[in-house]
Amino acid sequence: MEKNIRGAEAVMRCLVAEKVDTIFGYPGGAIMPIYDALYDFKEQVNHILVRHEQGAIHAAQGFARTSGKVGVCFATSGPGATNLITGLADAMIDSTPVVCVTGQVASHLLGTDAFQETDVIGISMPVTKWNIQVTKAEDIAGAMAKAFYIAGSGRPGPVLVDITKDAQFGMTDFEYKPCEKIRSYSPKPTIQMDDLNAAVDLLNSAQKPFLLIGQGIILSGAEKELVAFAEKSGIPVASTLLGLGAFPTDHPLYVGYLGMHGNYAPNILTNECDVLLAIGMRFDDRVTGDVSRYAKQAKVIHFDIDAAELNKIIKADVAVLADAKEALVHLTELITPKKHENWLGEFRALEKIEHESVVNEAKHPTNGELKMAEVVNLLSEKTDGKAIIVTDVGQHQMITSRYYQYKGFRSNVTSGGLGTMGFSLPAAIGVKLGNPEKTVVAIIGDGGFQMTIQELGTILQAKVDVKILILNNNFLGMVRQWQQLFFDRRYSFTEIVNPNFTAIAKGYSIDALKITERSELDNGLDTLLNSTGAFLLEVVVEQEENVFPMIETGASVSEIRLN
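Definitions and limits used
Residues numbered from 1 in each chain as written. Predicted model: local features only at pLDDT ≥ 70, side-chain atom pairs only at ≥ 80, totals over all residues. Heavy atoms only, no water. Domains from an automatic or database assignment. Buried area = accessible area lost by both parts, 1.4 Å probe. Salt bridge = Lys/Arg side-chain N within 4 Å of Asp/Glu carboxyl O. Polar contact = N/O pair within 3.5 Å; in protein donor to acceptor, adjacent residues only side chain to side chain. Pairing = 2+ DSSP bridges. Helix = DSSP H or I, 4+ residues; strand = E, 2+ residues; numbered from the N terminus. Contact = heavy atoms within 4.5 Å. Axes fitted to C-alpha atoms, helices over the stretch in contact; angles between N-to-C directions. 1 Å grid on protein atoms, 1.4 Å probe; cavity = no way out; pocket = protein on both sides within 12 Å on 5 of 7 lines; lining within 4 Å. Points joined across faces, edges and corners; volume = space filled by probe spheres on them. Nonpolar A, V, L, I, M, F, W, Y, C, P; charged D, E, K, R; others polar. Buried < 20%, exposed > 50% of the residue type's maximum accessible area, 1.4 Å probe, protein only.

Some details on the domain arrangement of the protein chain
Line of reasoning, step 1. For the protein chain, the assigned domains read domain 1 (2-174), domain 2 (193-347) and domain 3 (369-540).
Line of reasoning, step 2. One C-alpha centre belongs to domain 1, the other to domain 2; they are set 37 Å apart.
Line of reasoning, step 3. Where domain 1 abuts domain 2, roughly 640 Å² becomes buried across the two surfaces, and 54% of that area is made up of carbon and sulfur atoms.
Line of reasoning, step 4. Sorting the residues of domain 1 by area buried against domain 2 places Arg65, Asp94 and Arg155 first, and these three jointly supply 65% of that buried surface.
Line of reasoning, step 5. Inspection of the region where domain 1 meets domain 2 yields 2 salt bridges.
Line of reasoning, step 6. Here Glu309 makes a salt bridge to Arg155, at a shortest N to O gap of 2.8 Å.
Line of reasoning, step 7. Scanning the region where domain 1 abuts domain 2 turns up 4 residue pairs in polar contact (both at pLDDT 80 or more).

Next comes the structure, spelled out in structure tokens:
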């Protein structure tokens, strides 16, 4: 036990006890005591000074999503804390374990509208897994221990600890005990074997079983167990957006990416399978389309660690509350070995149609301007699908999800449920710092890039070796596509006049290159990937390129259109 230390030092000792080695943050008045304490821990903890608090939490998300650790960020009170809210909402819906520590005005000033006072507890409550305000130094250790336990256990999520300034200055005896249990909170459920056996019975009798996987596979570390189950059962596997990277895309049983801009075969055949097995995914509206016409012919089996997700959107014939890794181990033990060659052949036939109608021309256009799909396809070939790809939100995100061949686990980082433009650049910083040995490529649209462009300063100061690929069509592309298809080409405020991105990058001492011709693409990508340190490659692409296939809002998955 440490006798008589300041609360601010207690915060740092808690972080060290939790083996935190990286913090993303931005100092300010209300969190200044913690930053003062941080000064004495610089050899143990690497603090990354971001340029905006939104950048801090997105960086912490990227770090968490690929390192398997809890991400950590600091912010001050008032606007510092409110600038975290978008990232908290993003982390909440995408199940990302993050602990945010915010400073707060002194406890005697709470509720007085003091300078930079905001009720961050009330504001953040809907977008955190748990939050707490600490007003006494002696309560810091217990709150921090609980925060890390809640953030990283069960279905992960963001936690916010708001600490008043007097609690940071206050003196306390310090002893850290990691939290291992909270009454009424059961993060890892016990599988009910009756439910599991009912699922196995349906799968063993199925003629056309179909396995849908989501990020739950990644969060539970179940990638190897998933491959073992798929190979024994012979069931075709399709992935949600956040599930990409959980199953190798070059595996013979992989049949594609689900959703609004996903692959043709898995969307069509969702409505033709006889047993639909969903593991670690939540039947998001972008996956289901019109729920009233979704997989009505199939028996649905749903495994999820969060009871709130079971029967929330799609009613399951067998709903199993379970951790994905544990569930897959049991399923593999009990499943009857099979090969569903004829059923798999139906996927391959539809895949051929998609290739002939969309994919071949998109990947290898013979004329016209550069296309996003060919850029991403060539990047995939040059990295052998083994880079960590961090996408922003929009057309480039959907194109990347379709044409990058993810062969590495935890290799896809994107904003899924919230769809946060500006996510990619700061998230890529966190990814690279958590995975220094990996190639990290941030693929960003020209619109989203400008939402967090200031984080180039973070890359400069922290010397982060991130490769930045801007696909520039001088439009807010996804909105423009919808305006073209459904609003009679009335391009209302989606055309965007952009600055000189390469000049801006060079202003931050980041090497940069702009290419506009197909003949420049091969060398441009080589320059990006072989650069020493951070590099920005701007590729000017076709302005009105669209992403197909596409499921229109309100349509059934079987109504997916190829053009």
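Here the narrative resumes, following the displayed structure.
Section: the sheet that holds strand β20 (residues 535-540)
Line of reasoning, step 1. Taken in spatial order, the 6 strands make up an open sheet running β16-β15-β17-β18-β20-β19, and their pairing is parallel. A single partner strand is all that each edge strand has here, and the edge strands are β16 (412-413) and β19 (511-515).
Line of reasoning, step 2. As judged from the 5 bridges shared by strand β17 (residues 440-445) and strand β18 (residues 467-472), these two strands associate in the parallel manner. Across the sheet, the residue bridging to Ile443 is Leu469, located in β18.
Line of reasoning, step 3. Seen against the sheet, helix α16 (residues 372-383) touches β15 (388-391), β17, β18 and β20 and runs at an angle of roughly 160° to β18.
Line of reasoning, step 4. Seen against the sheet, helix α23 (residues 521-530) touches β17, β18, β19 and β20 and runs at an angle of roughly 160° to β20.

Here we look at empty space enclosed by the protein
Line of reasoning, step 1. Applying the stated criterion to the full structure yields 2 cavities of 30 Å³ or more.
Line of reasoning, step 2. As a volume, the largest cavity reaches approximately 90 Å³.
Line of reasoning, step 3. In terms of lining, the largest cavity is formed by 14 residues, of which the most central are Arg65, Gln215, Ile218, Arg410 and Asn412.
Line of reasoning, step 4. At the level of secondary structure, the elements contributing two or more residues to the lining of the largest cavity comprise α3 (53-67), α10 (216-219) and β16.
Line of reasoning, step 5. With 3 residues, α3 is the largest single contributor of residues to the lining of the largest cavity.
Line of reasoning, step 6. Taken together, the residues that form the lining of the largest cavity break down as 6 nonpolar, 6 polar and 2 charged.
Line of reasoning, step 7. In this model, the second largest cavity occupies a volume close to 30 Å³.
Line of reasoning, step 8. Forming the boundary of the second largest cavity are Leu203, Asn204, Ser233, Ile235, Ile335, Thr336, Lys338 and His340.
Line of reasoning, step 9. Tallied by class, the residues present in the lining of the second largest cavity amount to 3 nonpolar, 4 polar and 1 charged.

Here's the deal with the pairing of strand β9 (residues 209-213)
Within a regular strand, the side chains alternate between the two sheet faces.
Line of reasoning, step 1. Among the 5 residues in β9, 5 count as buried, and that is most of the element.
Line of reasoning, step 2. Relative to strand β12 (residues 275-279), β9 runs parallel, the two sharing 5 bridges. Within β12, the position partnered with Phe210 by the bridge is Leu276.

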